[in-house]
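Architecture and fold: a report
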Amino acid sequence: EIVCYIGLCMLITLTKFPFVLLVLLPAFIPFRKFDKITTYQCVFLGIILTAGFSLAWMKFYTAIPHPFVPEGVNMIEQVLFLLGDPLANMQMMGLNLFEGLINYLMLFNFGWLSYGSNGLALLYLFFYGSISVFYPKQFKQNVVTRIGALVVAAGIYVGIALSMYLTWTPVGSDVINGVQGRYFIGFLPLIPLILNIGPSFQQLDQLQIKQYQNIVTLVPVFFLIMSFTLTLKQY
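My aim in this report is to walk through the structure given alongside it, one point at a time. (Residues numbered from 1 in each chain as written. Predicted model: local features only at pLDDT ≥ 70, side-chain atom pairs only at ≥ 80, totals over all residues. Heavy atoms only, no water.)

1. Things to note about the packing of aromatic side chains
In this structure the tally under the stated criterion is 10 aromatic pairs. Pairing tyrosine 135 with phenylalanine 201 gives two aromatic rings, centres 6.4 Å apart and planes at 85 degrees, and the pair type is edge-to-face. One end of the pair, tyrosine 135, is in the loop between helix H5 (118-134) and helix H6 (143-168); the other, phenylalanine 201, is in the loop between helix H7 (190-195) and helix H8 (206-234), with 66 residues separating them in the sequence. The two residues tyrosine 135 and phenylalanine 201 agree in class, both being buried. Of the aromatic side chains, those joined through ring pairs into one cluster are Tyr124, Phe127, Tyr128, Phe222 and Phe223. (Phe/Tyr/Trp six-rings, centres within 6.5 Å; stacked < 30°, edge-to-face > 60°. Helix = DSSP H or I, 4+ residues; strand = E, 2+ residues; numbered from the N terminus. Buried < 20%, exposed > 50% of the residue type's maximum accessible area, 1.4 Å probe, protein only.)

2. As for helix H4 (residues 86-99)
The first and last C-alpha atoms of H4 sit 20 Å apart over 14 residues, in line with the 20 Å expected at 1.5 Å per residue. Looking only at H4, the buried set comprises Asn89, Met92, Met93, Asn96 and Leu97. Along H4, the residues classed as buried sweep out an arc of 135 degrees about the axis, all on the same side. Seen from the open side of H4, the exposed residues pointing more than 90 degrees away from its buried face are Leu87, Met90, Gln91 and Phe98. Those residues of H4 that are buried lie in contact with helix H3 (75-84) and H6. (Expected span 1.5 Å × (residues − 1). Arc of directions from axis to C-beta. Contact = heavy atoms within 4.5 Å.)

Here is the structure:
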């Protein structure tokens, strides 16, 4: 299972580099959960291998010229700009990260195109937030695991924003260009792991469990249908 997970993390890295941080999740699992010491050692070996693979992929990928890079973009000069006034630039990045949360409204369209629905996106976020907080849990996660998941999710979020600032934003800009809500879909499954405070399955009867399962199966289908409908209506 560990080998499969590491392979999956390497595959995800090929799509969006900051998602390599997902490989850190097993490191936050309590040691007693592992049946063998060698399994725990494989976790850290996998982290090192994945990090090496990711760096090699980034070096290869950045060497490929992109035909649509905006004018004024230069990664090295952007890094030097950030280091020139680190305190002010940290404040600028923090403001962009906070404002960037509205990018989740783009979950129902591609980028900034006009065929989506902010109202539908808000309804989905309300539904997903409710499930993340209140859905029954089968296994109670300890504090270290939850904090680890939060650190990984925050790292991915910051990593995506920073990568777009370095590779897609003109040097010296105080706004991060090119960040889209769909970039963050990959760490949405971590949110229930961090927030879940609902009852355990042992506290519910079979009818209640089935009702929960029906809700989390049928309601997302409605959102998918509406998303397809909005797209078809536009085109």
